[in-house]
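So you can see what is in the structure, the chains are spelled out below.
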Amino acid sequence: MDLRVFTEPQQGATYETLLRVAKAAEELRYGAFFRSDHYLHMGNVDGLPGPTDAWITLAGLARETSRIRLGTLMTAGTFRLPGVLAIQVAQVDQMSGGRVELGLGSGWYEDEHKAYGIPFPKEKFGRLEEQLAVVTGLWNTPAGGRFDFDGTYYQLKDSPALPKPAQSRIPVLIGGHGAKRTPALAAQYADEFNMPFASVEDSERQFGRVRAAAEERGRKADDLVYSNALVVCVGRTDAEVRRRADAIGREVDELKANGLAGSPAEVVERLERYKAVGSRRVYLQMLDLDDLDHLELIASEVMPQVA
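Residues numbered from 1 in each chain as written. Predicted model: local features only at pLDDT ≥ 70, side-chain atom pairs only at ≥ 80, totals over all residues. Heavy atoms only, no water.

*Asks:* Can you tell me about the pattern of salt bridges, naming the residues and giving the values?
*Replies:* Under the defined criterion, the tally for this structure stands at 19 salt bridges. For the salt bridge of Arg80 with Asp53, the shortest nitrogen-to-oxygen distance reads 2.8 Å. Highlighted residues: Arg80 in the loop between strand 4 (75-76) and helix 3 (82-96) and Asp53 in the loop between strand 2 (32-35) and helix 2 (54-64), separated in sequence by 27 residues. Across the pair Arg243 and Glu240 runs a salt bridge whose closest N-O atoms are separated by 3.8 Å. Of this pair, Arg243 and Glu240 are both found in helix 8 (residues 238-247), three residues apart, which corresponds to roughly one turn of the helix. Salt bridges linked by common partners bring Asp2, Arg4, Arg69, Glu101, Glu192 and Arg281 together as one network. (Salt bridge = Lys/Arg side-chain N within 4 Å of Asp/Glu carboxyl O. Helix = DSSP H or I, 4+ residues; strand = E, 2+ residues; numbered from the N terminus.)

*Asks:* Hey, could you go over the packing of aromatic side chains for me, with residue numbers and the actual values?
*Replies:* Think of a pair of aromatic rings as described by two things: how far the centres are apart, and how the planes are tilted against each other in angle. The full count for this structure, using the stated rule, is seven aromatic pairs. When the centroid spacing of 6.5 Å and the interplanar angle of 10° are considered together, the rings of Phe147 and Phe149 count as stacked. With 6.4 Å between their ring centres and 90° between their planes, Phe193 and Phe207 make a pair best called edge-to-face. Linking Phe193 in strand 9 (residues 192-196) with Phe207 in helix 7 (residues 200-216), this pair joins segments that are 14 residues apart in sequence. Residue Phe193 shares its accessibility class with Phe207, and that shared class is buried. Across the ring face of Phe120, the terminal group of Lys124 is positioned such that the distance to the ring centre comes to 4.2 Å. (Phe/Tyr/Trp six-rings, centres within 6.5 Å; stacked < 30°, edge-to-face > 60°. Buried < 20%, exposed > 50% of the residue type's maximum accessible area, 1.4 Å probe, protein only. Lys NZ or Arg CZ within 6 Å of the ring centre and 35° of its normal.)

*Asks:* Before we move on, could you go through the nonpolar core and cite the residues and values that matter?
*Replies:* Of all hydrophobic cores here, the largest spans 80 residues; its most connected members are Leu3 and Tyr30. At eight residues, helix 5 (residues 125-140) tops the list of elements feeding residues into this core. In this structure Leu3 touches Tyr30, Gly31, Ala32, Leu271, Val282, Leu284, Ile298, Val302, Met303 and Val306, once residues within four positions along its chain are discounted. (Core = buried A, V, L, I, M, F, W, Y, C linked by side-chain atoms within 4.5 Å. Contact = heavy atoms within 4.5 Å.)

*Asks:* Give a description of the side chain of Thr17 that names residues and reports values.
*Replies:* Structurally, Thr17 can be placed in helix 1 (residues 15-27). What makes Thr17 buried here is its relative accessible area of 11%. Here Thr17 is in contact with Leu289 and Asp290, once residues within four sequence places are set aside.

*Asks:* Before we move on, can you summarise the packing of helix 2 against helix 3 with the specific residues and values?
*Replies:* Packing of helix 2 against helix 3 brings their axes to within 8 Å, and their N-to-C directions diverge by 15°. Here helix 3 runs roughly parallel to helix 2, going by the angle between their axes. Pair helix 2 / helix 3 crosses with left-handed handedness. In this structure, helix 2 uses Trp55, Leu58, Ala59, Ala62 and Arg63 to contact helix 3, whose residues at the interface are Leu85, Val89, Val92, Met95 and Ser96. Taken together, the residues of the contact of helix 2 with helix 3 sort by class into eight nonpolar, one polar and one charged. (Axes fitted to C-alpha atoms, helices over the stretch in contact; angles between N-to-C directions. Parallel < 35°, antiparallel > 145°, perpendicular 65-115°, else oblique. Left-handed = near helix turned anticlockwise from the far one by under 90°. Nonpolar A, V, L, I, M, F, W, Y, C, P; charged D, E, K, R; others polar.)

*Asks:* Give me the lowdown on the packing of helix 3 against helix 5, citing residues and values where you can.
*Replies:* Running from N to C, helix 3 and helix 5 point in directions that differ by 45°, and their axes come no closer than 9 Å. Compared by their axis directions, helix 3 and helix 5 come out oblique. By crossing handedness, the relation of helix 3 to helix 5 is classed as right-handed. Taking contact as the criterion, the partners of Pro82, Gly83, Leu85, Ala86, Val89 and Ala90 in helix 3 are, on helix 5, Gln131, Val134, Val135, Leu138 and Trp139. Here the contact of helix 3 with helix 5 is built from residues that sort into nine nonpolar, two polar and no charged.

*Asks:* Give a description of the environment of Thr75 that names residues and reports values.
*Replies:* The topology assignment puts Thr75 in strand 4. Each C-alpha atom, one on Thr75 and one on Leu85, is 9.4 Å from the other, the two residues being 10 residues apart in sequence. The residues touching Thr75, leaving out its near neighbours within four places in the chain, are Asp37, Trp55, Arg80, Leu85, Leu102, Gly103, Leu104 and Gly105.

*Asks:* Tell me about the side chain of Arg99, and please be specific about residues and values.
*Replies:* Mapped onto the elements, Arg99 comes out in the loop between helix 3 and strand 5 (100-105). Buried charged residue Arg99 carries no salt bridge. Nearest counter-charge: Glu26, at 4.4 Å. In this structure Arg99 touches Glu26, Leu61, Ala62, Thr65, Ser66, Arg67, Ile68, Arg69, Leu70, Asp93 and Gln167, once residues within four positions along its chain are discounted. (Lys, Arg positive; Asp, Glu negative; His and termini not counted.)

*Asks:* Give me the lowdown on unusual backbone geometry, citing residues and values where you can.
*Replies:* Put simply, Leu48 and Pro49 share a cis peptide bond, and its omega is 10°. As for its placement among the helices and strands, Pro49 is situated in the loop between strand 2 and helix 2. The residue after Leu73, namely Met74, is reached through a cis peptide bond having omega -25°. Examined against the element boundaries, Met74 turns out to sit in the loop between strand 3 (69-72) and strand 4. Despite not being glycine, Arg29 shows a phi value in the positive range, around 70°. Within the secondary structure, Arg29 is located in the loop between helix 1 and strand 2. Of note in the backbone geometry, Phe197 takes a positive phi value of approximately 50° without being a glycine. Positionally, Phe197 belongs in the loop between strand 9 and helix 7.

Shape descriptors only; they carry no functional weight alone.
Encoded structure:
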């Protein structure tokens, strides 16, 4: 099982903090460093010193790390035009030497759009479908060719479809709980399907829908990687678990019910349950970015037992 670090910088983090976490994750051999794509904090935090942009952050990390993969859960489709996003992600992939992955979602947090003057369209899913078609179409157009697209929301004419990523194919992640349109979209465009903050039972059900949708499109269900995103809170003792839960404003019992919390042995057992229903990758939502000892504990006492 591939364990990856997932951060929520809108809750309060500087670029330097994210760089420390990314470098620690690389040194500790985590599979990747991912971040959310939000411009406004959530819940009872002040979000200071303010938001950082996901792709500007990843561009910086691309030059300051050397091995770890980098990506988003999920880039908000409402924030960027698809042609611009294709250029941004391809450039960061070049800057990283081919270590980038793109998680793309429709965007959902209306308050952050109001706060920063970003349009929040009613029809977001249809736009997401076209964004995926444009981004992947631009990347897949052979060098020297041209790309055209005539959609309801986006039109491209005679695009040179440049620049090209360093990778022959940048992995695309799609996720969500939707029962019909989401699995169909994943089956068409995704290399990985991510189930965020869901129970084992709900994950199994949604993975089954995606597998069926993939086979309906003529793909092998196992062509996709199936993954989860889960909050994590691990400690060697009950007191250490409680201290880490307090630091992120959560209750231990709630974290155990809805995420990965407790001793290393408890967390390994929980991960094995997700693995049994098809999950092969877990994004560990790290909410206290100053607690690098937490990263080290998971790397030394959890990762070897599930890798």
